[in-house]
Amino acid sequence: MSIDEETGIRFLSHQHPRQPQLFSVVRQACVRSLSCEVCPGREGPIFFGDEQHGFVFSHTFFIKDSLARGFQRWYSIVMVAMDRIYLINSWPFLLRHLRLTIHSLQSTALKVFDNEQGVCPQRSARMNSVFSPAVFPHQRSGNAARSLTSLTQHQNLWASLHSSFSWLLKACGSRLTEKLLEGAPTEDTLVLIERQTEQEEEMSCWEGAEGGCSSSLPHQLQSELGLDILCDNNKLNELPGPKFRSLRHLRQVLGAGEFRQLVWHVLMGNQVIWRGDDPGLIQSAFTVLKSLLPVGCVRSVPLSAQYEEAYKCNFLGLSPDVPIPTHVSASEFSVLVDVSADRRCPTSAVGEEDISLNYQFAISSANTQPTDRGPALLNKLEVALSNENLSVDVVSHCLLCLKEEWMNKVKVLFKFSKVDGRGREDTQKVLALLGATGPGEEDNVRLLKFWMTGLSKTYKSHLMTAVRGGERSPSQ
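The residue count restarts for each chain, going from 1 along the sequence in the order it is written. Owing to the predicted nature of the model, reporting of local features is limited to residues with pLDDT of at least 70; listing and counting of side-chain atom pairs is limited to 80 or more, with chain, interface and lining totals taken over all residues. Computation of side-chain values covers all heavy atoms of the structure but excludes hydrogens and water.

**Q** Explain the overall build of the chain here, please?
**A** Secondary structure assignment for the chain yields 20 helices and 10 strands. Relative to its 476 residues, the chain shows a buried fraction of 40%. Taking all contacts inside the chain whose residues are at least 6 apart in sequence as the whole, residues at least 24 apart take part in 68%. Note on areas: these come from Shrake-Rupley sampling with a 1.4 Å probe, and a residue is covered only by the protein chains present in the view. Carbon together with sulfur atoms contributes 54% to the accessible area of the chain, which is approximately 27300 Å² in total. Only DSSP runs of H or I with at least four residues qualify as helices, and only runs of E with at least two residues qualify as strands; both kinds are numbered from the N terminus onward. When a residue's accessible area, from a 1.4 Å probe over protein chains only, is under 20% of the maximum for its type it is buried; when over 50% it is exposed; and in between it is partly exposed. Only heavy atoms enter the contact rule, under which two residues are in contact if any of them lie within 4.5 Å.

**Q** Would you mind going over the environment of Ile 46 with me for this structure?
**A** By the secondary structure assignment, Ile 46 is in strand E3 (residues 44–50). Taking C-alpha positions, Ile 46 is 9.6 Å from Val 78, a pair spaced 32 residues apart along the chain. Setting aside chain neighbours within four positions, we find Ile 46 in contact with Glu 37, Val 38, Cys 39, Val 56, Phe 57, Ser 58 and Trp 91.

**Q** Explain the nonpolar core here, please?
**A** The nonpolar side chains of a soluble globular protein tend to be buried with one another. Of all hydrophobic cores here, the largest spans 55 residues; its most connected members are Phe 244, Leu 267, Trp 274, Phe 361 and Trp 451. For this core, the leading source of residues is helix H17 (residues 392–419), giving 8 residues. If sequence neighbours within four positions are ignored, Trp 451 has contacts with Leu 267, Leu 292, Leu 293, Pro 294, Cys 297, Leu 377, Lys 403, Trp 406, Met 407 and Val 410. Residues grouped as a nonpolar core are buried Ala, Val, Leu, Ile, Met, Phe, Trp, Tyr and Cys residues, joined through side-chain atoms within 4.5 Å.

**Q** In this structure, what is going on with the packing of helix H11 (residues 247–254) against helix H12 (residues 256–268)? I would like to understand it.
**A** A packed helix pair is summarised by two numbers, namely the angle formed by the two axes and the spacing between the axes. Each axis is a line fitted through C-alpha atoms, and for a helix only the stretch in contact is used; angles between axes span 0 to 180 degrees, taken between their N-to-C directions. Closest axis-to-axis distance for the H11/H12 pair is 6 Å, and the angle between their directions is 125°. Looking at the two axes, H11 sits oblique to H12. Crossing geometry of H11 relative to H12 is assigned as right-handed. In this structure, H11 uses Leu 247, Leu 250, Arg 251 and Leu 254 to contact H12, whose residues at the interface are Ala 256, Glu 258, Phe 259 and Leu 262. For the contact of H11 with H12, a count of residues per class yields 6 nonpolar, no polar and 2 charged. Geometric relationships in this document are graded by angle, where less than 35 degrees denotes roughly parallel, more than 145 denotes roughly antiparallel, 65 to 115 denotes roughly perpendicular, and other angles denote oblique. The crossing is said to be left-handed when, going from far helix to near helix, the turn is anticlockwise and less than a right angle, and right-handed when the turn is clockwise. Residues are sorted three ways: Asp, Glu, Lys and Arg are charged, Ala, Val, Leu, Ile, Met, Phe, Trp, Tyr, Cys and Pro are nonpolar, and all the rest, Gly among them, are polar.

**Q** Would you explain the pattern of salt bridges in this entry?
**A** Pairing between side chains becomes possible if they bear opposite charge and their charged atoms approach one another. Salt bridge criterion: a side-chain nitrogen from Lys or Arg within 4 Å of a carboxyl oxygen from Asp or Glu. Within the structure shown, the criterion is met by 12 salt bridges. Measuring nitrogen to oxygen at the nearest pair gives 3.7 Å for the salt bridge that ties Glu 382 to Arg 251. Of this pair, Glu 382 sits in helix H16 (residues 376–386) while Arg 251 sits in helix H11, and the two are 131 residues apart along the sequence. According to the relative accessible area criterion, Arg 251 is buried, its value standing at 19%. Salt bridges sharing common partners tie together Asp 65, Arg 73, Glu 116 and Arg 146.

**Q** Even after reading the chapter, I still don't get the environment of Ala 310, so can you show me in this structure?
**A** You can see Ala 310 is positioned in the loop between strand E7 (300–304) and strand E8 (315–318). On the accessibility criterion, Ala 310 (35% relative accessible area) is partly exposed. In the structure, Ala 310 is positioned 40 residues away from Asn 270 in sequence and 7.9 Å away in space, judged by C-alpha atoms.

**Q** Can you help me understand unusual backbone geometry in this one?
**A** The phi torsion at Gln 153 lies on the positive side, around 55°, for a residue other than glycine. As for its position among the elements, Gln 153 is in the loop between helix H6 (148–152) and helix H7 (157–174). A relative accessible area of 48% places Gln 153 in the partly exposed class.

**Q** What should I look at first to understand a nonpolar patch on the surface in this one?
**A** On the surface, Met 1, Ile 3 and Leu 12 cluster together into a nonpolar patch covering about 340 Å² of accessible area. Relative to the helices and strands, Met 1 is located in the segment before strand E1 (2–3). Residues qualify for a patch when their relative accessible area is over 30% and they have no salt bridge, like charges being joined within 9 Å and the nonpolar side chains of Val, Leu, Ile, Met, Phe, Trp and Tyr within 5 Å.

**Q** Sorry, what's going on with the sheet that holds E7 here?
**A** Paired through backbone hydrogen bonds, the strands of a sheet run either parallel or antiparallel to each other. Strand pairing follows a simple DSSP-based rule, namely that at least 2 bridges must link the two strands. In spatial order, the strands read E7-E8-E6-E9-E10; together these 5 strands make up an open sheet with mixed pairing. Each edge of the open sheet is held by one strand with a lone partner, namely E7 and strand E10 (359–364). Averaged over all pairs of adjacent strands, the angle between strand axes in this sheet comes to 15°, irrespective of strand direction. Bridge count for strand E9 (residues 334–341) against E10 is 6 bridges, and the pairing is antiparallel. Directly across from Val 337, in E10, lies its bridge partner Ile 363. Packing of H12 onto the sheet brings it into contact with strand E6 (271–275), E8, E9 and E10, and relative to E9 it is tilted by some 135°.

**Q** Please explain the sheet that holds strand E4 (residues 54–64) as it appears in this structure.
**A** Pairing is antiparallel in the open sheet, where 3 strands are placed in the order E3-E4-E5. Strands at the two margins of the open sheet, each flanked by one partner only, are E3 and strand E5 (72–81). The mean angle between the axes of side-by-side strands here comes to 25°, regardless of whether they run parallel or antiparallel. For E3 and E4, the ladder comprises 7 bridges, and the chain directions are antiparallel. Bridge pairing links Ile 46 to Ser 58 in E4. On the sheet, helix H1 (residues 20–33) packs against E3, E4 and E5 and is oriented at approximately 140° with respect to E5.

**Q** Even after reading the chapter, I still don't get empty space enclosed by the protein, so can you show me in this structure?
**A** The pocket and cavity definitions rest on a 1 Å grid over protein atoms only: a 1.4 Å probe that fits but cannot leave marks a cavity, an open set with protein on both sides within 12 Å along at least five of seven lines marks a pocket, and residues lining either have an atom within 4 Å of a point. Grid points are joined across faces, edges and corners, and a volume is the space filled by probe spheres set on the points. Summed over the entire model, instances satisfying the criterion amount to 2 cavities of 30 Å³ or more. Here the largest cavity is characterised by a volume of approximately 50 Å³. Every residue lining the largest cavity is listed: Glu 187, Asp 188, Pro 294, Leu 400, Lys 403, Glu 404 and Met 407. Secondary structure elements with two or more residues in the lining of the largest cavity: helix H8 (187–208) and H17. Top contributing element to the lining of the largest cavity by residue count: H17, with 4 residues.

**Q** Which parts of the structure should I look at to understand helix H19 (residues 441–452)?
**A** A helix is expected to span 1.5 Å multiplied by its residue count minus one. Taking 1.5 Å of rise per residue, the 12 residues of H19 would be expected to cover 16 Å, and the 16 Å separating its terminal C-alpha atoms lies within 8% of that figure. H19 sits mainly inside the fold: 9 of its 12 residues count as buried. Within H19, the full set of buried residues consists of Asp 443, Asn 444, Val 445, Arg 446, Leu 447, Leu 448, Phe 450, Trp 451 and Met 452.

**Q** What is the right way to look at the side chain of Thr 60 in this model?
**A** Within the secondary structure, Thr 60 sits in strand E4. Two N or O atoms form a polar contact when they lie within 3.5 Å of each other; inside protein one atom must be a possible hydrogen donor and the other a possible acceptor, and for residues adjacent in sequence the pair counts only when both atoms belong to side chains. At 3.4 Å, the side chain of Thr 60 and the backbone oxygen of Ser 33 are in polar contact.

Quick look at the structure:
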């Protein structure tokens, strides 16, 4: 028995549950996992169950046994829970860690099997033995099943499994937290859930692949999925040196005109490149600028030794000596921020309030379009930032409301133009209804089209399903 001092939960290992009702549930799960509930290939994970007898995550596998029929025995690790959603959401986590335990058991048993076969090969002994119908039942009854301890020759096997399963139950429960949501989840929440699910599935595939995988693959995969946005704030606090704290702080350092130009490029979906020798300062700038966009529109590479194309990332951090390709410098769809530090002032002595005194920022872009007209979201944001009576928290909530307002407009435009396939004239009427026409109309439309790429797959799938259902209903 193990006791979790933090929560007071006791983890008890026993041959069978003491409660009769729990014993019946576990017994049925074990019998089904080793008989009728099997996956293709008979070795692997499977999910089954119902609300009455509980839901089961089962992983069936073989253990080598030199005395068994076929030289192997069936085993299954099962996890029973009454919460179906919890068990399904825990599938990638359980699969990843149970495979490690199963691989350890199989490799240990294989060594014992090879040693036993070297001493007394059972295959040749069975082929040379005399077979008769009268002797067959006695041969089978005399070959009793061996324990898992005997198959692995691991004296502390049960203590090891108890420790492993106790940690698995605790970690599986602590990785999921309940959060009160008022109303439907936002698009940012849906996108983050989708990305986290994709990452867990991909990591499970890499770890389950034959031959293993490189240790850099999970980190590379995380960067490709854009999940670094989940831990930006934690990383930001760990980075040394000066950092941008908020949009208002960034505006004060760059100046109102340069700030508007930079934010305009961010909202339009252009590639924002920061080049300098302080990765902490650059990453803090990205963290602040990312708050302007929906999560689905963010593709960030905080630090790279070479230029990355715009389709890979719209936020790119580079070292000072990395050259910018000519076609990028001449493009109106990118903006470059060169950061240079005053060498007379050591970086360690630079405080957050002294960034403007010890750093120089040069913003350059080939864009010739005016940035002082729109979009409307930027105009409202600048009004909030310039109002010193509003605190940073109030401005953050104001930005959140503006993003939700424009994401709702994006959903309407997506439904109208992409799903329904309306013409240009009808689309113009919808834009007028949404308040996207007038001064800065071109910027408003560009923003809406760019943000449309950040809609979650869940929303798009739900919308397409609802439209198809509506098309079928009249004929029915």
